[in-house]
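Geometric and topological summary
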Amino acid sequence: MCNGNTLGSAKGVVLIENDRTRVTEWRFSKHGDDTGWHRHEYDYVVVPLFDGSLRLDEPCNVSKTADVKNGVPYFRNAGVEHNVINANDFECAFIEVEFLDQ
């Protein structure tokens with residue numbers, strides 16, 4: 001990754017954590033709020049709680065936009081590195097489920 005782990009302005013609240021899974025709600029209160037740069041150590045699923053877009057800044061100045069639908073999950077393998085940014089003019093949130101038991 002070009003940037004190290006950084007703290008973002010989005011709020012992550014762990015809802016469930018045990019030996020097998022961690023479930024976190026990520027809430028972005030306004031446009032531009034972000035998770036901060038991070039690398040996923042585990043496979044994970046994201047369930048958006050809104051219809052809209054997220055900007056994904058990836059290593060070495062690569063930026064993508066992901067359109068998401070409320071309740072439509074997507075899966076990613078461990079190793080993903082990015083900063084997730086609210087690209088909407090409204091508050092948004094998603095649930096992230098990490099599979100700790102690899």
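These numbers were taken from a predicted model, which means no experiment stands behind them.

On to the pairing of strand β4 (residues 44-48), then. When you tally the buried positions in β4, you get 4 out of 5 residues, the bulk of the element. Where β4 meets strand β7 (residues 74-76), 3 bridges bridge the pair, whose relative direction is antiparallel. Counterpart to Tyr44 in the pairing with β7 is Arg76. Direction of pairing for β4 relative to strand β9 (residues 92-99): antiparallel, over a ladder of 5 bridges. Residue pairing in the sheet places Pro48 in a bridge with Phe94 of β9.

On to the layout of surface pockets, then. As a volume, the largest pocket reaches approximately 590 Å³. Looking at the largest pocket, it is lined by 32 residues, and the ones nearest its centre are Trp26, Thr35, His38, His40 and Glu96. Class assignment for the residues of the lining of the largest pocket results in 14 nonpolar, 10 polar and 8 charged.

With 12 residues, the main nonpolar core is built from Ala10, Trp26, Phe28, Tyr44, Val46, Phe50, Leu54, Leu56, Val68, Val84, Cys92 and Phe94. Elements that contribute at least two residues to this core include exactly β2 (21-28), β4, β5 (52-58) and β9.

This part takes up the sheet that holds β5. Ordered by their spatial adjacency, 4 strands build an open sheet running β3-β8-β5-β6, and the pairing between neighbours is antiparallel. Two strands close off the open sheet at either side, each with one partner strand: β3 (38-39) and β6 (62-68). The pairing of β5 with strand β8 (residues 81-86) spans 4 bridges and is classified as antiparallel. Bridge pairing links Arg55 to Ile85 in β8.

About the cut-offs
- Residues numbered from 1 in each chain as written.
- Predicted model: local features only at pLDDT ≥ 70, side-chain atom pairs only at ≥ 80, totals over all residues.
- Heavy atoms only, no water.
- Buried < 20%, exposed > 50% of the residue type's maximum accessible area, 1.4 Å probe, protein only.
- Helix = DSSP H or I, 4+ residues; strand = E, 2+ residues; numbered from the N terminus.
- Pairing = 2+ DSSP bridges.
- 1 Å grid on protein atoms, 1.4 Å probe; cavity = no way out; pocket = protein on both sides within 12 Å on 5 of 7 lines; lining within 4 Å.
- Points joined across faces, edges and corners; volume = space filled by probe spheres on them.
- Nonpolar A, V, L, I, M, F, W, Y, C, P; charged D, E, K, R; others polar.
- Core = buried A, V, L, I, M, F, W, Y, C linked by side-chain atoms within 4.5 Å.

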